Amino acid sequence: MNGYPVYLLTRLGQFALVVFIGINIAFIVTHATPIDPVEQSIAAATQYGSTSPEAIALMRQSLKELYGLEGGPIDQYFAFWRRVAVGNFGPSLSAFPTPVSVLIGRALPWTVSLLVVSTLLTWVLGNLLGGLAGYYRQSRTLRLGGLLAMAFHPIPYYIVAFMLLIVFGYLWPVLPISGGYKMNMPRDWSWPFIASLLTHSILPILSLALVGLGGWFMGMRSLVSNIVTEDYVVYAELGGVERRRILASYVMRNALVPQVTGLAMSIGAIFNGAIITEQVFGYPGVGTLLVSAVYAGDYSLVLGITTVSIVAVSLAVLLIDLLHPLLDPRVRAR
Amino acid sequence: MGRTLRDLVRFNRQFASGVILLAVVAAFSCLSFFSPYPPNDSFVVPPDVPPSWAYPMGTTSRGQDLFWLLSFAIRNTLLFGITVAVISRVLALVIGLVAGYSGGLLDRALMSINDTFIVIPLFPILVLFYFVMREHMSWGLLALMMACLGWAYDARLIRSVAMSLRTREFTETGIFSGMSTRQILVEEHLPYVLPIVFSTTMNNINWSIGLEVTLSVLGFTDINTPTIGVLIYWANQHTALVAGIWWWIFFPVALVVITFIGLFLLAVSMNEHIDPRSRLGRTGP
């Protein structure tokens, strides 16, 4: 049992490193560029009508305070970290004076639930079908299913979501294509509201699943088709162990370990996909918020969402990593 | 090399279809050199004409011949993907080979950084990058940024091969005959990892084109250089779908999907070719 604390510590260290490097990239991107966000915001604010120079100077001062751009680069660097640590990114400019953290907090549950449901669904289904396809290699249905899953796999999230939008929005309009629930509906958790929530989430989940399925399917199929040739599987077959039991606890169980690692490694990419899908379907999550913040020129909101995404994704990876020892006893025994 | 390619085309249906699909796309992009119109000129043809013999893919609401415009767009998109792939390949090769060969503390440090880059959500960072750059955003800058962010996954793959190569006898022979580390990596190990590099290149081009399309559709790139994403962006700006100008959306999407599937088939078949176990599974017992 000596291995688990060591494992825990290394994972926590990796988590800290991811957050550290991610926040540093965000800092460098925002500070090493020739463009000054303060001047940009002032230009946007003074676009219409004339503003007195004193007012502009005042605005410049308060914006600098707001964005944490006062003092030298080192002061700014620590100010940046302080904001991240307390989760305070100041008020949003486009929805003044609502704090950025409130806006993100409102959008986050949508993204998290979309991500969790679609990822679990895709991962479980992909692995199950892939495992079956690897074990029953002759099945025509499974081969056809694999071909379909693989056809969608290389297409980026945006294009798949866009194609679904065209099909279900224009050609065969049966599903709602925009928003998280029916407009103007009271959020009272009654049956009609929940039904509306569910129907609105079908297309976003479907587009995430269509892209994701192929990867898990192919990975699992090749893992399983390698494992079935191992001696212990042949031995179990000769010993008369039920085929279903061989597949479930001899083959799939072993193949799942690299797939869990794979899930931890692809969470970032899946998160990118969710953000983009939300934007296509106008789902009220972080992705839609991010894109509209860019259009509105809201510096603090864009920066806030980026930092929160980095921290949230690394947390998700940490969680999966912590579950890993449950599946792989070698981690505990090391 | 030539013989391997010939065998792959002859015996591997996936590889052959991938080659054909990409050849079509590449040929189409080469047509841009014969275009009668420069890419950014608008209102050179009547707007909103559906596909016909005169305009095989119709014309846009901005009065551009979609056929020729698309040839420019796919050329820029492919060039973008290849640029990102080449730069990030260099990074992935150097980091992967060095980490795998040296091992120890250097390996651990490099792989920690590597894992970080795999995990970090890139899309918000790229959006942030666009947000601070705005008008200064250019095609080349985006390519450079994406190359710096997109090497990690493949570096890990290359490292795992390099680790096993280190224990092979010819590496020791090399060391004892006085080859430098650089010589061993470049002359002895590089040839072994090249097939993997080829397959990851295809995946990386796919990845970068996908992100580029996504960013430009949202208008988060230089929207005056025609790429597939920029084309869809302008179609959306003119609400082409609502207006019934379906060809403006259909042809770019179809072409880019063909590109994705072609690249993906090449990557998958190459992977299979590298791993002899699955090659045996294909021919069957």
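Notes on the structure follow. Remember, it's a predicted structure, so these values are computed and weren't measured experimentally. (Residues numbered from 1 in each chain as written. Chains lettered and ligands numbered in written order. Predicted model: local features only at pLDDT ≥ 70, side-chain atom pairs only at ≥ 80, totals over all residues. Heavy atoms only, no water.)

1. Re the overall build of chain B
Let me state the cut-off plainly: Every helix listed is a DSSP run of H or I at least four residues long, and every strand listed is a run of E at least two residues long, numbered separately from the N terminus. Burial classes: relative accessible area under 20% of the type maximum marks a residue as buried, over 50% as exposed, and values in between as partly exposed (1.4 Å probe, protein chains only). The contact criterion used is simple: two residues touch if any of their non-hydrogen atoms lie within 4.5 Å. The method behind every accessible area is Shrake-Rupley, applied with a 1.4 Å probe, and residues are considered shielded solely by the protein chains displayed.
The number of helices and strands found in chain B is 13 helices and 0 strands. Along the chain direction, N to C, the helices and strands of chain B fall in the order α-α-α-α-α-α-α-α-α-α-α-α-α. Of all 285 residues assigned to chain B, the portion counted as buried reaches 53%. Of the contacts made within chain B by residues no fewer than 6 positions apart, 70% connect residues no fewer than 24 positions apart. Here chain B displays about 12,700 Å² of accessible surface, and carbon together with sulfur accounts for 66% of that area.

2. Re the nonpolar core
Condition: Residues grouped as a nonpolar core are buried Ala, Val, Leu, Ile, Met, Phe, Trp, Tyr and Cys residues, joined through side-chain atoms within 4.5 Å.
With 159 residues, the main nonpolar core has Phe162(A), Ile228(B) and Ile249(B) as its most contacted residues. Looking at this core element by element, the count peaks at 17 residues for helix α3 (residues 66–102) of chain B. Setting aside chain neighbours within four positions, we find Ile228(B) in contact with Leu70(B), Ala73(B), Ile74(B), Thr77(B), Val213(B), Pro252(B), Leu255(B) and Val256(B). Core analysis: the next-biggest nonpolar cluster, separate from the first, contains 12 residues, Met220(A), Ile227(A), Val233(A) and Leu247(A) among them.

3. Points about the interface of chain A and chain B
Going by this rule: Two parts placed together each lose some accessible area under a 1.4 Å probe, and the buried area is that loss summed for both. The term salt bridge refers to a side-chain nitrogen of Lys or Arg lying within 4 Å of a carboxyl oxygen of Asp or Glu. Each residue receives one of three labels: charged for Asp, Glu, Lys and Arg, nonpolar for Ala, Val, Leu, Ile, Met, Phe, Trp, Tyr, Cys and Pro, and polar for the others, Gly being one of them.
The interface is formed by 50 residues belonging to chain A together with 46 residues belonging to chain B. Between chain A and chain B lies a buried interface of about 4,200 Å² when both sides are counted; carbon and sulfur atoms form 81% of it. Counting across the chain A and chain B interface gives 0 salt bridges. Listing elements by their share of the side of chain A that touches chain B, those giving two or more residues are α1 (3–31), α6 (140–152), α7 (157–171), α8 (191–227), α10 (243–281), α11 (286–296) and α12 (299–327) of chain A. For the side of chain A that touches chain B, the residue count by class is 35 nonpolar, 14 polar and 1 charged.

4. Here we look at helix α6 (residues 139–149) of chain B
Within the span of α6(B), buried status applies to Leu142(B), Ala143(B), Met145(B), Met146(B), Ala147(B) and Leu149(B). Where α6(B) is buried, its residues contact α1 of chain A together with α3, α4 (104–119), α5 (122–133) and α9 (181–217) of chain B.

5. What about the packing of helix α5 (residues 100–135) of chain A against α11(A)?
All names here are of chain A. Put simply, the rule is: Only C-alpha atoms enter the line fits that serve as axes; for helices the fit covers just the stretch in contact. Angles between N-to-C directions range over 0 to 180 degrees. These descriptions rest on fixed angle ranges, namely under 35 degrees for roughly parallel, over 145 for roughly antiparallel, 65 to 115 for roughly perpendicular, and the rest for oblique.
Remark: α5 packs on α11, axes separated minimally by 7 Å, with the N-to-C direction vectors making an angle of 135 degrees. Our classification of the angle between α5 and α11 gives oblique. Of α11, the residues touching α5 (which contributes Leu103, Ile104, Ala107, Leu108 and Thr111) are Val286, Gly287 and Leu289. Grouping the amino acids of the contact of α5 with α11 by side-chain chemistry returns 6 nonpolar, 2 polar and no charged.

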